[in-house]
Amino acid sequence: MDLRAFDDEGNAYEIHACQDCLPWHAEVVIADGEILVREWHAVGCPQFKELIED
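Note that the structure is predicted; figures quoted are calculated from it, not measured.

**Q** Just checking my understanding: could you explain the sheet that holds strand E3 (residues 34–40) for this structure?
**A** Hydrogen bonds between backbone atoms are what pair the strands of a sheet, whose relative direction is either parallel or antiparallel. Spatially, 3 strands are ordered E1-E3-E2 in an open sheet, and the strand pairing comes out antiparallel. The open sheet has two edge strands with one neighbour each: strand E1 (2–4) and strand E2 (25–31). Mean inter-strand twist for the sheet, computed between neighbouring axes without regard to direction, equals 35°. By the bridge criterion, 3 bridges tie E1 to E3 in an arrangement that is antiparallel. Counted as the bridge partner of Asp2 is Arg38 from E3.

Structural data, given as structure tokens:
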């Protein structure tokens, strides 16, 4: 799941470790000139499911 690292005003988003799955981790990547936060979750993680349903 790739998420923008900054909102439209340039403020950094806060990310918090997922308490629902052990393999959660995050990394910062640059793709197409944008800085993104790539979040990794277990496939069955409730927080991951909530992210992809929005």
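**Q** Sorry, what's going on with the pattern of salt bridges here?
**A** Once their charged atoms are close, side chains differing in charge can pair, the charge on each being opposite to the other. Going through the model one piece at a time under the given rule, you end up with 4 salt bridges. Its salt-bridge partner being Arg38, residue Glu27 comes within 3.9 Å of it at the nearest N-O pair. Of this pair, Glu27 sits in strand E2 while Arg38 sits in strand E3, and the two are 11 residues apart along the sequence. Three or more residues are tied together by salt bridges with common partners; here these are Asp2, Glu27 and Arg38.

**Q** Looking at this model, I keep getting lost on unusual backbone geometry. Mind explaining?
**A** Outside of glycine, negative phi angles account for most residues, and trans bonds account for most peptide bonds. Phi at Asp32 takes a positive value of approximately 50°, unusual for a residue other than glycine. Structurally, Asp32 is set in the loop between E2 and E3.

**Q** How do you make sense of the side chain of Asp7 when you look at a structure like this?
**A** By secondary structure assignment, the location of Asp7 is in the loop between E1 and E2. It turns out Asp7 is buried and unbridged, and the closest side chain with the opposite charge, Arg4, is 6.4 Å from it. One polar contact links the side chain of Asp7 to the main-chain amide nitrogen of Glu9, over a distance of 2.9 Å. Of the polar contacts made by the side chain of Asp7, one reaches the backbone nitrogen of Asn11; its length is 2.9 Å.

**Q** I tried to follow the side chain of His41 on my own but got confused; where do I start?
**A** Here His41 is to be found in the loop between E3 and helix H1 (46–53). Engagement of the side chain of His41 in a polar contact is seen with the side chain of Glu39, the distance being 2.7 Å. When residues no more than four places from it in sequence are discounted, the contact partners of His41 are Cys18, Cys21, Pro23, Trp24, Gln47, Phe48 and Leu51.

The rules behind each value
- All residue numbers refer to position in the chain's written sequence, counted from 1.
- Reporting in this predicted model follows two pLDDT cut-offs: at least 70 for local features of residues, and 80 or more for side-chain atom pairs to be given and counted; totals over whole chains, interfaces and linings ignore these cut-offs and use all residues.
- Water and hydrogen atoms were dropped before computing side-chain values, which therefore reflect all heavy atoms in the structure.
- Any two strands with at least two DSSP-identified bridges between them are counted as paired.
- Labels follow the DSSP assignment, with helices taken as runs of H or I lasting at least four residues and strands as runs of E lasting at least two, numbered in each case from the N terminus.
- Fitting a line to C-alpha atoms yields each axis, with helices limited to the stretch in contact; the angle taken between N-to-C directions then spans 0 to 180 degrees.
- Just to be clear on terms, a salt bridge is a Lys or Arg side-chain nitrogen sitting within 4 Å of an Asp or Glu carboxyl oxygen.
- Any residue under 20% of the maximum accessible area for its type is buried, any over 50% is exposed, and the rest in between are partly exposed; the area is computed with a 1.4 Å probe on protein chains only.
- In this count, Lys and Arg are taken as positive residues and Asp and Glu as negative ones, while His and the chain termini are left out.
- Each polar contact in these results corresponds to two N or O atoms within 3.5 Å; when the atoms are within protein, one needs to be able to donate a hydrogen and the other to accept it, and residues that are neighboring in sequence are counted only if both atoms are side-chain atoms.
- The contact rule is simple, with two residues in contact once any of their heavy atoms fall within 4.5 Å.

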